[in-house]
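As a plain string of letters, each chain reads:
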There are 2 protein chains.
Amino acid sequence: MTYPDVFQGFGVGDAKKWSTPTLVEYAPKPLDSNDVDIEIEYCGICSSDLHTIKGEWGQLRRDDLVVGHEIVGTVVAVGPKVSSLVVGQRVGVGAQNLACLNCNRCQDNNEHYCITKNVSTYNKKFPNHDYFSQGGYASHHRCHEYFAFPIPDEIESKYAAPLLCGGLTVYSPLKRSGCGLNTTIGVIGIGGLGHMAIMLAKAMGAEVYAFSRSSAKKDEAIKMGADHFIATGESENWNQELTDKFDMILNCASYISGITLNSYLSILKVDKFFVNVGLPCAGDVYEFSPFTTISNAAGIKSSKLGSRKEVLELFELCAKHNIKPWIEEIPINGKNLSNALIRLDKGDVRYRFVLTNFKQFFSS
Amino acid sequence: MTYPDVFQGFGVGDAKKWSTPTLVEYAPKPLDSNDVDIEIEYCGICSSDLHTIKGEWGQLRRDDLVVGHEIVGTVVAVGPKVSSLVVGQRVGVGAQNLACLNCNRCQDNNEHYCITKNVSTYNKKFPNHDYFSQGGYASHHRCHEYFAFPIPDEIESKYAAPLLCGGLTVYSPLKRSGCGLNTTIGVIGIGGLGHMAIMLAKAMGAEVYAFSRSSAKKDEAIKMGADHFIATGESENWNQELTDKFDMILNCASYISGITLNSYLSILKVDKFFVNVGLPCAGDVYEFSPFTTISNAAGIKSSKLGSRKEVLELFELCAKHNIKPWIEEIPINGKNLSNALIRLDKGDVRYRFVLTNFKQFFSS
């Protein structure tokens, strides 16, 4: 059997074997009337994929779990009620596959925080089916049309892929913080998320500071668009000259231990925030002192993904400013995927892997 | 010697003797051209006073330190450049005595977060004088006219006093959070700050939840204007029915150990905040988990005091809605003051002590 009855992908069933996904076949989720089927052509590799298959964010819910949520491909079939997309259209899918689209949050462009029917692109049960979602290291993907976004012609597919999770994850808090002309934004962690945050904040008009522990990525951060680079591990008092400077500090690092939170909080303007988007391991916490933040009413918060509205804005911004994530293309096959995951686990990626050659691989 | 050369007040020089302030005489700060002299008639007793004289917020900077920063009195003299006040006018002074009034923060109605010349009403050095500020348990007070606020006729002095620190401290974050019609506000800790927060949030149009550890203050919280009362110590799952309910949760409690932060964060709407105004001891911290707040992008922040603009708005609001803090009047003298401080230290106050009878005491 082949598509539409069976999808193929690279699955993991045991967190101990996360570095060797194997080729699997599985039934797509039952078709709902607003679903579209996408033949996948590209898929970014996000740190979330790695956290999930390593079991760091909870249990693997399938023994053939396919991750990947930076999907670009072509619509090859549409459900009977689909109205926004047609067969042949190029679309992207990010980290969300379903929301109720009716609640206050959904109605307020916060469908990514929908409580009742929020389904992530992989490893999450659909409310109306006995089926756990499957991601984009695969031949095809099926999801609700609302979560499949048309991509402007100006953006090449391989550059669109990393925008769908990583790009959106940093764009949404940048936008919501008021990032723009006459604002100053700090970006901590020059990795998959951070490098896009620098480019986007710069394109939005902000003055951008990149923060990293060492100077190793200084030249590259400047090339991405950072106006300033601070190596926090190379000077004890790196924050002293920066008081009252920042409209937001976006923490893209996926660790907590190296982050001197109080130093970052001390350099925010009044009523501004240190925003976490890089997720640490589940139990890790920051220590927040009410006392040390009363001089500027600073705060700490989290942000997750973004809305459809923000995806479309992000695409427009990237098309207008010709923003291209820094990627390394990986033709998909078992060996290449395994190598890429192992390298990502070591931090050996500058700055995003994008899986390619899906058609050649899955149709052969 | 008497006023204007000498002020009288109740001072503390040794944190171990915080409960027995003694009558002292001291020189006023040297007169600056925008200073006014106020003959004090009322002064609220704020928890900050207690923290300060107990040495919990750092060193006592004078051996005759007079605290008190909820001052109401009459202008009795004005410096040569004073333009906003005249002799005979009734004014209030809160917890701030000076700011530069020129920096970005000052220009943006954030003079309470001024970095360069921020002088608290007591125990803080003036930048231009070798003088540490002295508060309102005293016969007179001298400060810059910007920090002496005209009080509307509708508000009795004894009710105006607690608004000047406590009231402003809760009004500012309520206002900045958008508190009003169709919003829901949570208030933790039904004490000096909390009881005013309930009244103010209600007057601003919000639906108000009061949170306390036990039901002891339930009837009074409802009388203050709370629509709902939650005794968090009497049910393990008190937060379960409150998901996605709150536009802000204002923490007026001055402890951290009893606060289940994650439970409060879980009931905020998207992109909303848990705001601390009740200050704990200097070293106390909250544990903030980026992971547990990604379902609603919740955050935690601090807030301190408020701006002159907000004081004047607060007075208008209280005049319009006839808001009266719940006070117990304490005629000022050594014995009464000592008893009041000891009772405040035990939490035995419902809900604000206001010192009275200043003229009778200091002119006798």
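Since the model is a prediction, treat every value here as computed from it, not as a measurement. Numbers given to residues run from 1 along each chain, matching the order in which its sequence is written. Following the order in which they are written, the chains are lettered starting with A and the ligands numbered starting with 1. Where local features are concerned, this predicted model is filtered to residues with pLDDT of at least 70; where side-chain atom pairs are given and counted, the filter is 80 or more; whole-chain, interface and lining totals use all residues. In computing side-chain properties, one takes all heavy atoms of the structure into account and sets aside hydrogens as well as water.

**Student:** Which residues make up the pairing of strand β3 (residues 35-45) of chain B, and what values do they have?
**Tutor:** Residue and element names in this part refer to chain B. Only protein chains enter the accessibility calculation, which uses a 1.4 Å probe; a residue whose area is less than 20% of its type maximum is buried, one above 50% is exposed, and one in between is partly exposed. We count a stretch as a helix when DSSP gives it H or I for four or more residues in a row; a strand needs E for two or more, and each element gets its number in order from the N terminus. Extensive coverage of β3 is indicated by the burial of 9 of its 11 residues. Here a strand pair is declared whenever DSSP counts at least two bridges between the two strands. As paired elements, β3 and strand β9 (residues 140-144) share 5 bridges and run antiparallel to each other. Bridge pairing in β9 places aspartate 37 opposite arginine 142. Pairing of β3 with strand β19 (residues 352-356) involves 3 bridges; the strand directions are antiparallel. In the strand pairing of β19, glycine 44 is matched with valine 354.

**Student:** Provide a residue-level description of the packing of helix α4 (residues 166-176) of chain B against helix α5 (residues 192-203) of chain B, including the pertinent values.
**Tutor:** In a pair of packed helices, the angle between the axes and the distance between the axes together describe the arrangement. All names here are of chain B. Closest axis-to-axis distance for the α4/α5 pair is 9 Å, and the angle between their directions is 50°. Put simply, α4 runs oblique to α5. Seen from above, α4 lies across α5 with right-handed handedness. Where α4 abuts α5, its residues Gly166, Gly167, Thr169, Val170, Tyr171 and Leu174 lie against Leu193, Met196, Ala197, Leu200 and Ala201. In terms of residue class, the contact of α4 with α5 is built from 8 nonpolar, 3 polar and no charged. A fitted line through C-alpha atoms serves as each axis, taken over the contacting stretch for helices, and the angle formed by two N-to-C directions is quoted from 0 to 180°. Angle categories: roughly parallel below 35 degrees, roughly antiparallel above 145, roughly perpendicular from 65 to 115, and oblique for all the rest. In this scheme the crossing of two helices becomes right-handed for a clockwise turn of the near helix relative to the far one and left-handed for an anticlockwise turn of less than a right angle. Any two residues whose heavy atoms approach within 4.5 Å at even a single point are treated as in contact. Just so you know the grouping, Ala, Val, Leu, Ile, Met, Phe, Trp, Tyr, Cys and Pro go in nonpolar, Asp, Glu, Lys and Arg go in charged, and all remaining residues, Gly too, go in polar.

**Student:** How would you summarise helix α9 (residues 334-345) of chain B if you had to cite specific residues and measurements?
**Tutor:** All names here are of chain B. Compared with the 16 Å implied by 1.5 Å per residue over 12 residues, the 17 Å span of α9 between its first and last C-alpha is a close match. Those residues of α9 lying buried are Leu337, Ser338, Ala340, Leu341 and Leu344. One side of α9 carries all its buried residues, which in axial view fall inside an arc of 165°. Along its buried surface, α9 packs onto β1 (7-12), β3, α1 (47-53), β18 (327-331) and β19. Residue count minus one, scaled by 1.5 Å, sets the expected span of a helix. Think of the arc as the fan of directions from the helix axis to the C-beta atoms.

**Student:** An account of helix α4 (residues 166-176) of chain A is needed here, citing residue identities and associated values.
**Tutor:** All names here are of chain A. When you tally the buried positions in α4, you get 9 out of 11 residues, the bulk of the element. In this fold, the buried residues of α4 make contact with β10 (184-188), α5 (192-203), β13 (246-251), β14 (268-276), α8 (308-321) and β18 (352-356). In the segment just after α4, glycine 178 is the residue with positive phi, at about 90°.

**Student:** Tell me about the domain arrangement of chain A, and please be specific about residues and values.
**Tutor:** Residues and elements named next belong to chain A. An automatic or database domain assignment supplies the start and end points of every domain. Domain annotation for chain A reports domain 1 (7-165 + 306-362) and domain 2 (166-302). Centre-to-centre, using C-alpha coordinates, domain 1 lies 27 Å away from domain 2. Two parts placed together each lose some accessible area under a 1.4 Å probe, and the buried area is that loss summed for both. Between domain 1 and domain 2, the buried area comes to about 2,200 Å², and carbon and sulfur atoms account for 61% of it. Interface area lost by domain 1 to domain 2 is led by Glu310, Trp326 and Tyr351, which between them contribute 29%. What counts as a salt bridge is simple: a side-chain nitrogen of Lys or Arg found within 4 Å of a carboxyl oxygen of Asp or Glu. Taken together, the connections running from domain 1 to domain 2 amount to 3 salt bridges. Linking arginine 176 and glutamate 310 is a salt bridge whose minimum nitrogen-to-oxygen distance equals 2.9 Å. Definition of a polar contact: a pair of N or O atoms within 3.5 Å, with one able to donate and the other able to accept a hydrogen when the atoms are protein atoms, and with sequence-neighbouring residues admitted only if both atoms are side-chain atoms. In this assembly, domain 1 and domain 2 are joined by 16 residue pairs in polar contact (both at pLDDT 80 or more). Among the elements that take part in the side of domain 1 that touches domain 2, α8 stands out by supplying 7 residues, more than any other. The class makeup of the residues in the side of domain 1 that touches domain 2 is 14 nonpolar, 7 polar and 7 charged.

**Student:** Please provide a residue-by-residue account of unusual backbone geometry, values included.
**Tutor:** Here the amide bond leading from arginine 350 of chain A into tyrosine 351 of chain A is cis, since omega sits at 5°, within 30 degrees of zero. Note on placement: tyrosine 351 of chain A falls in the loop between α9 (334-345) and β18. A positive phi angle, close to 65°, is found at leucine 101 of chain A, a residue other than glycine. Along the chain, leucine 101 of chain A turns up in the loop between β6 (96-98) and α2 (104-107). Exposure remark for leucine 101 of chain A: the relative accessible area of 23% places this residue in the partly exposed category. Notably, asparagine 322 of chain B is not glycine yet its phi reads approximately 50°, a positive angle.

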